[in-house]
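Architecture and fold: a report
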Amino acid sequence: MTATRKHTALPKAQILVEALPWLTRHHGKTVVIKFGGNAMVNEELKAAFAQDVVFLRHAGLRPVVVHGGGPQISAALDRHGIVSEFRAGLRVTTEEAMDVVRMVLAGQVQRELVGLLNQHGPLAVGITGEDARTMTATRHRPLVDGEPVDIGRVGEITEIDTGAIEALLADGRIPVVSSIARSQDDGHVYNVNADTAAAALAAALGAETLMVLTDVEGLYEDWPRSDEVISRLTASQLEKLLPELSAGMVPKMEGCLHAVRGGVTTARVIDGRVQHSILLEIFTDEGIGTMVVPDEPQGGTV
């Protein structure tokens with residue numbers, strides 16, 4: 001009986017030991033995770049995401065979660081009889097719509113996520129970019145056919161104050177940040193793209209890693225002709241690819257580029273449809289997705 005028990009337990013011990021180099025490498029490091037896509041609406045994936053984030057915290061990392069809430073916002077706008085309109089891949093956000101956006105992000109999506117994380121202990125604390133002036137923004141006017149257009153209360157981050165997040169991390173908490181920012185010039189509140197917010201926050205915190213959960217396997221080599229995923233590319237290589245990417249991938253990959261150019265060691269786009277994809281990415285060399293790294297210094301090899 002004892003011998004059988006030892007035998008069946010051994011693979012678990014081997015798996016734990018295999019994680020040791022990664023545990024050593026990432027101990028004490030900050031990792032910013034952008035929560036979105038299917039992982040945000042599928043109950044099993046949500047629960048697995050919460051387990052992964054709490055595991056990171058207990059493994060000695062300092063996770064920070066940033067979230068948007070596209071599907072939930074669209075559903076709430078429908079209920080309020082407000083039409084969802086998108087221009088240049090961004091939601092047109094009227095004053096009326098902004099009230100709903102704020103309510104959904106801070107009052108629904110964030111609350112649910114904090115609740116899921118706190119099933120594992122008193123760890124998660126929800127804040128928005130408005131709190132302690134964590135995120136300051138100015139009105140974003142994207143270019144459509146070469147002309148800037150007004151899409152309402154959509155913001156472009158101009159400043160990050162990491163003080164409140166650093167204080168929470170120092171206290172062993174898991175900050176859960178809603179992508180809303182206070183305006184630097186007109187006193188309004190702005191809706192900020194969550195991919196962009198996560199990247200700006202990762203750079204400001206000097207994070208080791210930015211992880212962006214998506215509904216695809218990663219960045220495809222030659223989509224739609226091939227479904228081969230690019231596993232690793234440098235900032236310069238990514239910059240060349242940006243004009244060819246689909247609208248949905250642009251803010252994610254621009255965010256990755258901004259993060260590594262801002263001092264983040266690696267930025268990764270990973271498949272949030274795979275349970276425990278975060279743990280696979282951080283603690284194994286079987287990483288799933290696309291990793292962006294800074295350019296090698298002159299004279300180095302790529």
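Numbering of residues begins from 1 in every chain and follows the order in which that chain's sequence is written. For a predicted model such as this one, the threshold for reporting local features is a pLDDT of at least 70, and the threshold for listing and counting side-chain atom pairs is 80 or more; totals across whole chains, interfaces and linings nevertheless cover every residue. The side-chain numbers reported here are obtained from all heavy atoms of the structure, hydrogens and water having been left aside.

The next thing to look at is the pattern of salt bridges. Should the charged atoms of two oppositely charged side chains come close, the side chains can pair. Whenever Lys or Arg places a side-chain nitrogen within 4 Å of a carboxyl oxygen from Asp or Glu, that contact is recorded as a salt bridge. For the structure on display, the rule yields 15 salt bridges. As a salt-bridge pair, Glu-166 and Arg-62 come within 3.2 Å of each other at their nearest N and O atoms. Note that Glu-166 is positioned in helix α6 (residues 163-170) and Arg-62 in strand β2 (residues 62-67), a separation of 104 residues in sequence. With a closest N to O distance of 3.2 Å, Arg-139 and Asp-150 form a salt bridge. One end of the pair, Arg-139, is in strand β6 (residues 135-139); the other, Asp-150, is in the loop between β8 (147-148) and β9 (155-160), and 11 residues separate them in sequence. You can call Arg-139 partly exposed: its relative accessible area is 23%. What makes Asp-150 partly exposed here is its relative accessible area of 48%. Secondary structure elements are defined from DSSP: runs of H or I of at least 4 residues count as helices, runs of E of at least 2 residues count as strands, and each element is numbered from the N terminus. For every residue, the accessible area (1.4 Å probe, protein chains only) is compared with the maximum for its type, and the residue is labelled buried under 20%, exposed over 50%, or partly exposed between those bounds.

Let's shift gears to the sheet that holds β9. One requirement defines pairing of two strands: DSSP has to find at least two bridges between them. Taken in spatial order, the 4 strands line up as β9-β6-β11-β12 in an open sheet, and their pairing is mixed. Looking at strand neighbours, the two that pair on one side only are β9 and β12 (189-191), the edges of this open sheet. Each adjacent strand pair in this sheet contributes to an overall mean axis angle of 50°, direction not counted. The pairing of β6 with strand β11 (residues 180-183) spans 2 bridges and is classified as parallel. The convention used is that axes are lines fitted to C-alpha atoms, helices contributing only their stretch in contact, and that angles between N-to-C directions extend from 0 to 180 degrees.

With that out of the way, let us pick up unusual backbone geometry. The phi torsion at Arg-133 lies on the positive side, around 50°, for a residue other than glycine. Here Arg-133 lies in the loop between β5 (124-128) and β6. Positive phi is not limited to glycine here, since Asp-145 has a value of about 55°. Relative to the helices and strands, Asp-145 is located in the loop between β7 (143-144) and β8.

For soluble globular proteins, nonpolar side chains are generally found buried alongside one another. In terms of nonpolar packing, the biggest core is built from 44 residues, with Ile-33, Phe-49, Leu-56, Val-65, Leu-117, Ile-278 and Phe-283 touching the most fellow members. If you list the elements that add at least two residues to this core, you get β1 (30-35), α3 (43-58), α4 (70-79), α5 (95-117), β10 (174-178), β13 (209-214) and α10 (277-283). Among the elements that line this core, the one with the most residues is α5, at 11 residues. In this description, contact between two residues means that some pair of their heavy atoms is separated by no more than 4.5 Å. Other than its neighbours up to four places away in sequence, Val-65 contacts Ile-33, Phe-35, Phe-49, Val-53, Leu-113, Ile-174, Pro-175, Val-176 and Val-177. In terms of nonpolar packing, the next biggest core, distinct from the first, is built from 42 residues, Val-32, Ala-235, Val-250 and Met-253 among them. Only buried Ala, Val, Leu, Ile, Met, Phe, Trp, Tyr and Cys residues count toward a nonpolar core, and they belong to the same one when joined by side-chain atoms within 4.5 Å.

Take the packing of aromatic side chains next. Only rings of Phe, Tyr and Trp enter the pairing, Trp through its six-membered ring, and a pair is recorded when the two centres are within 6.5 Å. The plane angle decides the type: under 30 degrees is stacked, over 60 is edge-to-face, the rest tilted. Taken as a whole and assessed by the stated rule, the structure comprises 2 aromatic pairs. For the pair Phe-55 and Phe-283, a centre-to-centre distance of 5.7 Å together with 70° between the ring planes defines the contact as edge-to-face. One end of the pair, Phe-55, is in helix α3; the other, Phe-283, is in helix α10, and 228 residues separate them in sequence. Owing to a relative accessible area of 42%, Phe-55 belongs among the partly exposed residues under this scheme.

Let us now look at the packing of α4 against α5. Interaxial distance between α4 and α5 falls to 9 Å at its minimum, and their mutual angle equals 130°. Overall, the two elements α4 and α5 adopt an arrangement that is oblique. In the packing of α4 onto α5, the handedness of the crossing is right-handed. Each of Gln-72, Ile-73, Ala-76 and Leu-77 in α4 lies in contact with α5, whose residues at this interface are Ala-97, Val-100, Val-101, Val-104, Leu-105, Gln-108 and Val-109. The labels follow the angle: roughly parallel below 35 degrees, roughly antiparallel above 145, roughly perpendicular from 65 to 115, and oblique for the rest. Take the far helix as your reference; a near helix turned counterclockwise from it by less than a right angle gives a left-handed crossing, and one turned clockwise gives a right-handed crossing.

Right, let's get into the side chain of Thr-209. Locating Thr-209 in the fold gives a position in strand β13. N or O atoms closer than or at 3.5 Å make up a polar contact, with two conditions inside protein: a donor-capable atom paired with an acceptor-capable one, and, for residues adjacent in sequence, both atoms drawn from side chains. Within the local environment of Thr-209, its side chain forms a polar contact with the side chain of Thr-266, the two groups lying 3.3 Å apart.

Sheet topology note: the β11/β12 ladder contains 3 bridges and is antiparallel. Residue pairing for β12: Arg-182 is matched across the bridge by Val-189. Counting the residues that bridge the hairpin from β11 to β12 gives 5 residues, and of these Gly-187 lies at a positive phi of roughly 75°.

Running from N to C, helix α7 (residues 194-205) and helix α9 (residues 250-261) point in directions that differ by 10°, and their axes come no closer than 8 Å. Judged by the angle between their axes, α7 and α9 are roughly parallel. In this structure, α7 uses Asp-195, Ala-199, Ala-200 and Ala-203 to contact α9, whose residues at the interface are Pro-251, Lys-252, Gly-255, His-258 and Ala-259.

Attention now goes to the sheet that holds strand β14 (residues 232-234). What the 8 strands build is an open sheet, ordered β5-β10-β2-β1-β13-β15-β16-β14; its pairing is mixed. Strand pairing shows two members of the sheet lacking a second neighbour, β5 and β14, which therefore form its edges. Averaged over all pairs of adjacent strands, the angle between their axes in this sheet comes to 20°, without regard to strand direction. Of the pairings in the sheet, the one linking β1 to β2 comprises 6 bridges and is parallel in character. Bridge assignment links Lys-34 to a residue of β2, and that residue is Val-66.

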